[in-house]
Amino acid sequence: EQNDDYYQLGSKVKSLDVSKNRLGSFDPQWFEALRGLTSLDVSRNALRSLPPNVASLRLQSLNLSGNPLGGFDFLFPGHDVDTPLAESLAHLNLSNCRVPSLPALLFELRALQTLNLSYNPLTDLSPA
């Protein structure tokens, strides 16, 4: 019954801000429960990745700034560009994420309007 309450609450939550914590990972069940989420701010944590099922969300805004990300595979699990996330994400903040190059798959985010890549060690803006 407690799990049912958790999922019921999760379907109501539209925006989640867990910035400025010490999170190193996310349990994939979070994103199963938070299926109604449209805005996620996980900035200034210790995340190297997110579970691949984040791609099943219809997020409009995702703030990953200030995390030591190792890559972006979680945005496109199995290099699949036909995901709810790829269709809905309009605002992506990757500032200060140690991004060495632009993954070509970023250009597959069809709704993207704002992309923040400030404070990264980029030397070239060509897709890798």
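*Asks:* Explanation requested: the side chain of S65 in the structure shown.
*Replies:* Assignment of secondary structure puts S65 in the loop between β3 (61–63) and α3 (84–88). Residue classification places S65 among the buried positions, given a relative accessible area of 11%. Side chain to side chain, S65 and N63 meet in a polar contact 2.8 Å long. Not counting the four nearest positions on each side in its chain, S65 is found in contact with S43, R44, N93, S95 and C97.

*Asks:* How do you make sense of the packing of aromatic side chains when you look at a structure like this?
*Replies:* Any aromatic ring pair is given by two values, namely how distant the centres are and how the planes are angled relative to each other. Enumeration according to the criterion identifies two aromatic pairs in this entry. Judged by centre distance (5.9 Å) and plane angle (90°), the ring pair of F26 and W30 falls under edge-to-face. On the basis of relative accessibility, which here comes to 32%, the residue W30 falls in the partly exposed class. Both rings, one in F26 and one in F31, keep their centres 5.3 Å apart while their planes meet at 35°; by these two values the pair is tilted. The class for F26 is buried, based on a relative accessible area of 10%. By the ring-pair criterion, three or more aromatic residues cluster together here, those being F26, W30 and F31.

*Asks:* What's the story with the sheet that holds strand β2 (residues 39–41) in this structure? I'm lost.
*Replies:* In a beta sheet, neighbouring strands are held together by backbone hydrogen bonds and run either parallel or antiparallel to one another. Here we have five strands laid out as an open sheet, ordered β1-β2-β3-β4-β5, and parallel in their pairing. The outermost strands of the open sheet, each flanked by one partner alone, are β1 (15–17) and β5 (114–116). Sheet twist, expressed as the mean angle between neighbouring strand axes with direction ignored, is 5°. Both β3 and strand β4 (residues 91–93) contribute to a ladder of three bridges, which runs parallel. Looking at the pairing, N63 lines up with N93 of β4.

Rules and cut-offs
- Residues numbered from 1 in each chain as written.
- Predicted model: local features only at pLDDT ≥ 70, side-chain atom pairs only at ≥ 80, totals over all residues.
- Heavy atoms only, no water.
- Helix = DSSP H or I, 4+ residues; strand = E, 2+ residues; numbered from the N terminus.
- Buried < 20%, exposed > 50% of the residue type's maximum accessible area, 1.4 Å probe, protein only.
- Polar contact = N/O pair within 3.5 Å; in protein donor to acceptor, adjacent residues only side chain to side chain.
- Contact = heavy atoms within 4.5 Å.
- Phe/Tyr/Trp six-rings, centres within 6.5 Å; stacked < 30°, edge-to-face > 60°.
- Pairing = 2+ DSSP bridges.
- Axes fitted to C-alpha atoms, helices over the stretch in contact; angles between N-to-C directions.

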